[in-house]
Amino acid sequence: MTMRFLELQGGDKFPVLGLGTWMMGERTRDAAGEVKALKLGLDLGMSLIDTAEMYGEGGAETVVREAIAGRRDEVFLVSKVLPQNASRKKTAEACDASLKRLGTDRLDLYLLHWRGSIPLAETLEAFAALQRAGKIRHWGVSNFDTSEMQQLGAAPAANQVLYNLTRRGIEWDVLPWCAEHRVCVMAYSPIEQGRILRNRTLARLARERGCSAAQLALAWVLSRDGVVAIPKAARLEHVRDNRAALDIVLSGEERAALDAAFPPPGAAHPLEML
Ligand code: NAP
């Protein structure tokens, strides 16, 4: 199946399946393999790369730099500023440092990694200045619940949150809020960092369909409206497996079985994060 896209406010397109990079860039001996995995993902059309200044203390951004060298225009590039760096002055410095490590002059999306103690108005001012300078195209947030979204006073392009079959809390409030305000939801840890693969119902349903448990879990996330998934895979077979999840259309029976095994929330819960 060809890649599907979500439309951001302003008309930009956002691939629904991207590439995570947490845990990349931590060990020099793994870097070449990580670059290869990201390049394969891009070759297969997963043209969104999600990274952060935090990952590998800048190491992940350095890995991404190698993976996107010579093909920057193909990529929708996302990075994040740490909350303690989210002041007016430090956000600008953090963004410049990320751009340098990434070897590019612009980010497509820059997120506040989670809510810290610096006033949101200050961070938003910094994001606006970066947009005026052409260093970021869109801004957004991560790990924000609905009350924090409301405090922003402006709609971000995206809210990146923990979302998978075992973490459905956002369906109660964050997902509907984002849909109403046309905020893209980026599902992180869409296969629960591999832990979900041990679930027996998921494994059985995957066996019956002839796909992997990871593909089924990912296909479920990808079937949700307004949601983008960013699985991380350093192994090439995992990258291929994840790309193929886009071809899976869940049946009504599969959905019902997954709902029974992983029930949707029946009440509001505090936002979960990793
Ligand atoms: P994840 O994508 O749910 O899981 C990654 C793990 O699953 C890795 O160990 C990977 O192994 C394995 N895996 C990937 N595809 C697989 C497959 N098809 N079959 C079996 N195993 C597979 O977890 P995540 O890395 O936490 O989340 C994804 C991305 O979201 C991160 O990399 C990061 O970019 C972002 N994130 C953001 C936040 C935030 O606060 N905003 C928090 C967490 C994550 P290999 O690597 O060995 O292939």
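Before reading further, recall that the structure is shown in the block above.
Here is a short report on the structure shown in this document.

Definitions and cut-offs
- Residues numbered from 1 in each chain as written.
- Predicted model: local features only at pLDDT ≥ 70, side-chain atom pairs only at ≥ 80, totals over all residues.
- Heavy atoms only, no water.
- Disulfide = S-S within 2.5 Å.
- Buried < 20%, exposed > 50% of the residue type's maximum accessible area, 1.4 Å probe, protein only.
- Helix = DSSP H or I, 4+ residues; strand = E, 2+ residues; numbered from the N terminus.
- Pairing = 2+ DSSP bridges.
- Right-handed = clockwise from strand over helix to strand, strands pointing away.

Another aspect to go through is the state of the cysteines. Applying the stated criterion across every chain, the model contains zero disulfides. Here Cys95 stays free of any disulfide, with the sulfur of Cys184 as its closest cysteine sulfur at 19 Å. Take Cys178: it sits in no disulfide, and the sulfur closest to it among the cysteines is that of Cys184, at 8.6 Å. When its relative accessible area of 1% is taken as the criterion, Cys178 is described as buried.

Along a regular strand, successive side chains alternate from one face of the sheet to the other. In terms of burial, strand E7 (residues 136-142) is largely enclosed, as six of its seven residues are buried. Pairing geometry for strand E6 (residues 107-112) and E7, over five bridges, is parallel. The residue bridging Leu107 from the neighbouring strand is Ile136, located in E7. Following the backbone out of E6, through helix H4 (residues 120-132) and into the adjacent parallel E7, one traces a crossover that is right-handed. Sheet topology places E7 next to strand E8 (residues 158-162); two bridges connect them, and they run parallel. The partner of Val141 across the bridge, within E8, is Asn159. Considered for its hand, the β-α-β crossover made up of E7, helix H5 (residues 146-152) and E8 is right-handed.

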